[in-house]
Amino acid sequence: MNRLVALWLVCAALPAAAQDARKSGFAFMGPDTQAMQTDDLANPGMLFVLEGDALWKAPVGASQKSCASCHGDAPQTMKGVAARYPDFDEATQAPIDLAGRIIQCRAERQGAAPPQREGHELLALTSYVAHQSRDLAIAPAQDARLASARAQGAALYSTRMGQLNFSCAQCHDDNAGGHLGAAPIPQAHPTGYPLYRLEWQALGSLQRRFRNCLSGMRAEPISAGSADAIALELFLMDRATGMKLETPAVRP
Amino acid sequence: MWRAFALLAVLMSVDAQAQTLVPYQIENGAIATSLTGQPGDPAKGRTIVVERQKGLCLLCHSGPFPEERFQGDLAPSLAGTGSRLSEGEIRLRMVDSTKVNEKTIMPPYYKMDGLGRVAASYKAKTLLEPQEIEDVIAFLVSLKDEAQK
């Protein structure tokens, strides 16, 4: 009888498991790196989050306003925001990523110098904002005006590029779980960004990750903040709908 | 007149530098003749195969290279290649594997056209030189033992 119950439980669980074979990059890491991510005291990304917290509250620029002056208490007002981005920007009538929105607030609403992509200030603020969505499910913006950029991202993802003639999909869909030399190939879910990468010895954005993979393919880089980069990000976020955000993640 | 001649000579040498592929013929799933007309050197070929930045082979393949750690597992082992495939079949796979399997992940080692978004520093260059490809082929032909690790 017990056996039967156990069998039934296994069978009942199977369809659910088969439905979602998606795994975060976290699942492909060794236990030490996983432990480093889950322990806030050991996670080097948390230093950036702390810094972001201070930056959030500091008045800057001509306006002498802080982020908090407009947005208040981030744990409440920023909760879920990173899970929705990239979104559609009314001002430019184009898709905008989270880092791009922060640059825009800094420059246009706070009257400060626009922070540099991949610069320390922007990474700290982005990881602070994204951290407010940790453990929330990715829930992409439902704006019809994003559809063409999403399609553009999907096309890029499956186009062969570079001297090695690979597409993203060939590695991350067809060969995920395999090993490229020593490196396990993850499924390329954008769940942890900005994240601390041990190989970089630094925090980096998803778009920096694109640059790494493209340079491995010996392909032209896609510059951070460009329409192509945001399109790829839109596609990957859509593909990861329902998966949990981990910011700041740690990767090998 | 001489000037024009000199200019022409310069233009021609520029053209020669922008690498042009040696012509080859695909027949019955193989490229029968050496790209250079010369035989390859199997020892040099082995070096190219194990060099991570050069051949890149071990990113995907494993093979009889006991000294090499971290061999990839995305492709069949290279052990026994010489008993499975003829020299000409190996040459076609090295030159452009998409001619055998359109969806292959194996990079084309002797191809320049039809590649998109190639990084500036790799533009108009093939992954390997023709003689390097012949060296690799000579080495692979020598791998007869399927069981070798």
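Residues numbered from 1 in each chain as written. Chains lettered and ligands numbered in written order. Predicted model: local features only at pLDDT ≥ 70, side-chain atom pairs only at ≥ 80, totals over all residues. Heavy atoms only, no water.

(A) Summary view of the overall build of chain A. Scanning chain A from N- to C-terminus turns up 12 helices and 7 strands. In terms of C-alpha radius of gyration, chain A reaches 19 Å, essentially the compact-globule figure of 18 Å for 252 residues. In terms of its C-alpha atoms, chain A occupies a principal-axis envelope of roughly 70 × 45 × 40 Å. Taken across its 252 residues, chain A has 48% of its residues classed as buried. Considering only contacts within chain A whose residues lie at least 6 apart along the sequence, 67% involve residues at least 24 apart. Within the structure as shown, chain A displays about 11800 Å² of accessible surface, and the carbon and sulfur contribution to it stands at 59%. (Helix = DSSP H or I, 4+ residues; strand = E, 2+ residues; numbered from the N terminus. Rg over C-alpha atoms; globule rule 2.2 N^0.38 Å. Buried < 20%, exposed > 50% of the residue type's maximum accessible area, 1.4 Å probe, protein only. Contact = heavy atoms within 4.5 Å. Areas by Shrake-Rupley, 256 points an atom, 1.4 Å probe, with all protein chains shown as cover.)

(B) View of the environment of Tyr85 of chain A. Residues and elements named next belong to chain A. Mapped onto the elements, Tyr85 comes out in the loop between α6 (81-84) and β1 (87-89). By relative accessible area, Tyr85 is classed as buried at 6%. As for Tyr85 and Leu98, which are separated by 13 residues in sequence, their C-alpha atoms are 6.0 Å apart. If we skip the residues at most four places from it in the chain, Tyr85 touches Ile96, Asp97, Leu98, Arg101 and Met237.

(C) Spotlight on the packing of aromatic side chains. Residues and elements named next belong to chain A. Scanning the entire structure with this criterion turns up 3 aromatic pairs over all chains. Ring geometry for Tyr157 against Phe235: centres 5.0 Å apart, planes inclined by 45°, an arrangement best described as tilted. Separated by 78 residues along the polypeptide, Tyr157 in helix α9 (residues 147-157) and Phe235 in helix α12 (residues 227-239) bring together distant segments of the chain. By the burial criterion, Tyr157 is buried, and Phe235 matches it. (Phe/Tyr/Trp six-rings, centres within 6.5 Å; stacked < 30°, edge-to-face > 60°.)

(D) View of the domain arrangement of chain A. Residue and element names in this part refer to chain A. Considered domain by domain, chain A is made up of domain 1 (45-131) and domain 2 (141-251). Between the C-alpha centres of domain 1 and domain 2 there is a distance of 22 Å. Residue-level contacts link 23 residues of domain 1 with 23 residues of domain 2. Where domain 1 abuts domain 2, roughly 1800 Å² becomes buried across the two surfaces, and 69% of that area is made up of carbon and sulfur atoms. Looking only at domain 1, the three residues that lose the most surface to domain 2 are Pro86, Phe88 and Glu118, adding up to 29% of its buried area. The tally of links from domain 1 across to domain 2 stands at 1 salt bridge. Close ionic contact of Glu90 with Arg145 constitutes a salt bridge, the shortest N to O distance being 2.7 Å. Our count for the contact surface shared by domain 1 and domain 2 stands at 5 residue pairs in polar contact (both at pLDDT 80 or more). Of all the secondary-structure elements, those providing two or more residues to the side of domain 1 that touches domain 2 are α3 (45-57), α6, β1, β2 (94-96) and α8 (120-131). Its residues assigned to classes, the side of domain 1 that touches domain 2 comprises 12 nonpolar, 5 polar and 6 charged. (Domains from an automatic or database assignment. Buried area = accessible area lost by both parts, 1.4 Å probe. Salt bridge = Lys/Arg side-chain N within 4 Å of Asp/Glu carboxyl O. Polar contact = N/O pair within 3.5 Å; in protein donor to acceptor, adjacent residues only side chain to side chain. Nonpolar A, V, L, I, M, F, W, Y, C, P; charged D, E, K, R; others polar.)

(E) Summary view of the packing of helix α7 (residues 98-109) of chain A against α8 of chain A. All names here are of chain A. Running from N to C, α7 and α8 point in directions that differ by 115°, and their axes come no closer than 10 Å. As α7 packs across α8, the resulting crossing turns out to be right-handed. Residue-level inspection shows Leu98, Ala99, Ile102, Ile103 and Arg106 of α7 in contact with α8, the latter providing Glu121, Leu122, Leu125, Thr126, Val129 and Ala130. Its residues assigned to classes, the contact of α7 with α8 shows 8 nonpolar, 1 polar and 2 charged. (Axes fitted to C-alpha atoms, helices over the stretch in contact; angles between N-to-C directions. Left-handed = near helix turned anticlockwise from the far one by under 90°.)

(F) Structural detail: the interface of chain A and chain B. Contacts between the two partners involve 22 residues from chain A and, on the opposite side, 28 residues from chain B. Summing the contributions of chain A and of chain B, the shared interface buries around 2100 Å²; its carbon and sulfur component is 55%. On the chain A side of the interface with chain B, the three residues burying the most area are Gln163, Arg218 and Glu220 of chain A, jointly 33% of the side's total. Here chain A and chain B share 1 salt bridge between them.

(G) Geometry of the nonpolar core. In this structure, Val49, Met94 and Ile133 of chain B are the most contacted members of the largest nonpolar core, which totals 50 residues. When contributions to this core are tallied by element, the ones reaching two or more residues are α9, α10 (168-174), α11 (206-216) and α12 of chain A together with α2 (42-50), α3 (57-60), α5 (87-96) and α6 (130-141) of chain B. A total of 5 residues in this core trace back to one element, the largest contributor, which is α6 of chain B. Non-local contacts of Val49 of chain B, meaning those with residues more than four positions away in its chain, are made with Cys57, Leu58, Phe65, Leu78, Val136 and Phe139 of chain B. (Core = buried A, V, L, I, M, F, W, Y, C linked by side-chain atoms within 4.5 Å.)

(H) Up close: the confidence of the model for chain B. With 87% of its residues at a pLDDT of at least 70, chain B reaches an overall mean of 89. Here residues 1-17 of chain B is modelled with pLDDT under 50, and outside its nearest four sequence neighbours on either side it reaches 0 contacts, counting other chains as well. (pLDDT = per-residue confidence, 0-100.)

(I) A look at the packing of α3 of chain A against α8 of chain A. Residue and element names in this part refer to chain A. Contact pair α3 / α8: the axes reach a minimum separation of 7 Å and the direction vectors enclose 95°. Our classification of the angle between α3 and α8 gives roughly perpendicular. Of α8, the residues touching α3 (which contributes Met46, Phe48, Val49, Glu51, Gly52, Asp53, Leu55 and Trp56) are His120, Glu121, Ala124, Leu125, Ser127, Tyr128, Val129 and His131. Partitioned by chemical class, the residues of the contact of α3 with α8 number 9 nonpolar, 4 polar and 3 charged. (Parallel < 35°, antiparallel > 145°, perpendicular 65-115°, else oblique.)

(J) Representation of the sheet that holds strand β6 (residues 202-204) of chain A. Residue and element names in this part refer to chain A. The strand order across the open sheet built from 3 strands is β6-β5-β7, with neighbouring strands paired in mixed fashion. Of all the strands in the sheet, the pair left with one neighbour each is β6 and β7 (250-251). Pairing geometry for strand β5 (residues 195-197) and β6, over 3 bridges, is antiparallel. Residue pairing for β6: Tyr196 is matched across the bridge by Leu203. (Pairing = 2+ DSSP bridges.)

(K) Expanded view of α11 of chain A. Residue and element names in this part refer to chain A. Among the residues making up α11, those that are buried are Leu206, Gln207, Phe210 and Leu214. Take α11 and look down its axis: the buried residues cluster within an arc of 95°, on one side only. Residues of α11 that are buried make contact with β6 and α12. The backbone nitrogen of Gln207 has a side-chain oxygen 3.2 Å away, supplied by the residue at the start of α11, namely Ser205. Of the residues trailing α11, Arg218 is marked for its positive phi of about 60°. (Arc of directions from axis to C-beta.)

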